[in-house]
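# Overview (structure and organization)
Each chain, letter by letter, is given below.
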Amino acid sequence: MEALIASVVTAGFALALAAFAAALSQGNATAKAAEGMARQPEAAGKIQTLLILGLAFMESLVLYVLLISMLLLFVFAKPLLDMVLKS
């Protein structure tokens, strides 16, 4: 039963932490990119390309954590829950 609770709590905290960190990072990156484009309009294309690439990498962190959370819930916690409910 403790492993079931630990899996659910870990999945929830990991996803919340990853989403929070990604949101802060994306907001900061977007603000800095806008500032850079305002200072050097001729470099806006390169800055925008790097911004989109960076945002994709930041968002992939959240997707990886979502995958791991789903594994924790459905692969590890589901058999434990079935075992607890049968007994």
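Presented here is an overview of the structure given in this document. (Residues numbered from 1 in each chain as written. Predicted model: local features only at pLDDT ≥ 70, side-chain atom pairs only at ≥ 80, totals over all residues. Heavy atoms only, no water.)

## Digging into the overall build of the chain
- The number of helices and strands found in the chain is two helices and zero strands.
- Over its C-alpha trace the chain gives a radius of gyration of 20 Å, far above what one expects of a compact globule, namely 12 Å for 87 residues.
- With respect to the three principal axes, the spread of C-alpha positions in the chain is 70 × 15 × 10 Å.
- Within the structure as shown, the chain displays about 6,300 Å² of accessible surface, and the carbon and sulfur contribution to it stands at 76%.
- Measuring between centres, the 5 positive side-chain charges of the chain sit 3 Å from its 5 negative side-chain charges. (Helix = DSSP H or I, 4+ residues; strand = E, 2+ residues; numbered from the N terminus. Rg over C-alpha atoms; globule rule 2.2 N^0.38 Å. Areas by Shrake-Rupley, 256 points an atom, 1.4 Å probe, with all protein chains shown as cover. Lys, Arg positive; Asp, Glu negative; His and termini not counted. Charge placed at Lys NZ, Arg CZ, Asp CG, Glu CD.)

## What about the packing of helix H1 (residues 2–39) against helix H2 (residues 44–86)?
- Closest axis-to-axis distance for the H1/H2 pair is 9 Å, and the angle between their directions is 175°. With respect to their mutual orientation, H1 and H2 come out roughly antiparallel.
- Class assignment of the residues belonging to the contact of H1 with H2 gives a composition of 27 nonpolar, eight polar and one charged. (Axes fitted to C-alpha atoms, helices over the stretch in contact; angles between N-to-C directions. Parallel < 35°, antiparallel > 145°, perpendicular 65-115°, else oblique. Nonpolar A, V, L, I, M, F, W, Y, C, P; charged D, E, K, R; others polar.)

## Description of the pattern of salt bridges
- Considering all chains together, one arrives at one salt bridge under this definition.
- Note that Arg 39 and Glu 35 form a salt bridge whose closest N and O atoms lie 3.2 Å from each other. One end of the pair, Arg 39, and the other, Glu 35, are both in helix H1, four residues apart, so they sit about a helical turn from each other. (Salt bridge = Lys/Arg side-chain N within 4 Å of Asp/Glu carboxyl O.)

## Section: the environment of Leu 55
- Positionally, Leu 55 belongs in helix H2.
- By relative accessible area, Leu 55 is classed as partly exposed at 24%.
- As for Leu 55 and Ser 7, which are separated by 48 residues in sequence, their C-alpha atoms are 29 Å apart.
- Once you skip the residues sitting within four places of it in the chain, Leu 55 turns out to touch Gln 26 and Thr 30. (Buried < 20%, exposed > 50% of the residue type's maximum accessible area, 1.4 Å probe, protein only. Contact = heavy atoms within 4.5 Å.)

## Quick look at the environment of Leu 73
- Within the secondary structure, Leu 73 is located in helix H2.
- Each C-alpha atom, one on Leu 73 and one on Glu 2, is 14 Å from the other, the two residues being 71 residues apart in sequence.
- With residues near it in sequence (within four places) discarded, Leu 73 still touches Ser 7, Val 8, Ala 11 and Lys 78.

## Focus: H2
- Its 43 residues place the ends of H2 61 Å apart at the C-alpha level, agreeing with the 63 Å of an ideal helix rising 1.5 Å per residue.
- Helix geometry: H2 is bent most strongly at Ala 77, by close to 45°, with proline Pro 79 lying one to four residues after it. (Expected span 1.5 Å × (residues − 1). Bend = angle between axes of the 7 residues up to and from the residue.)

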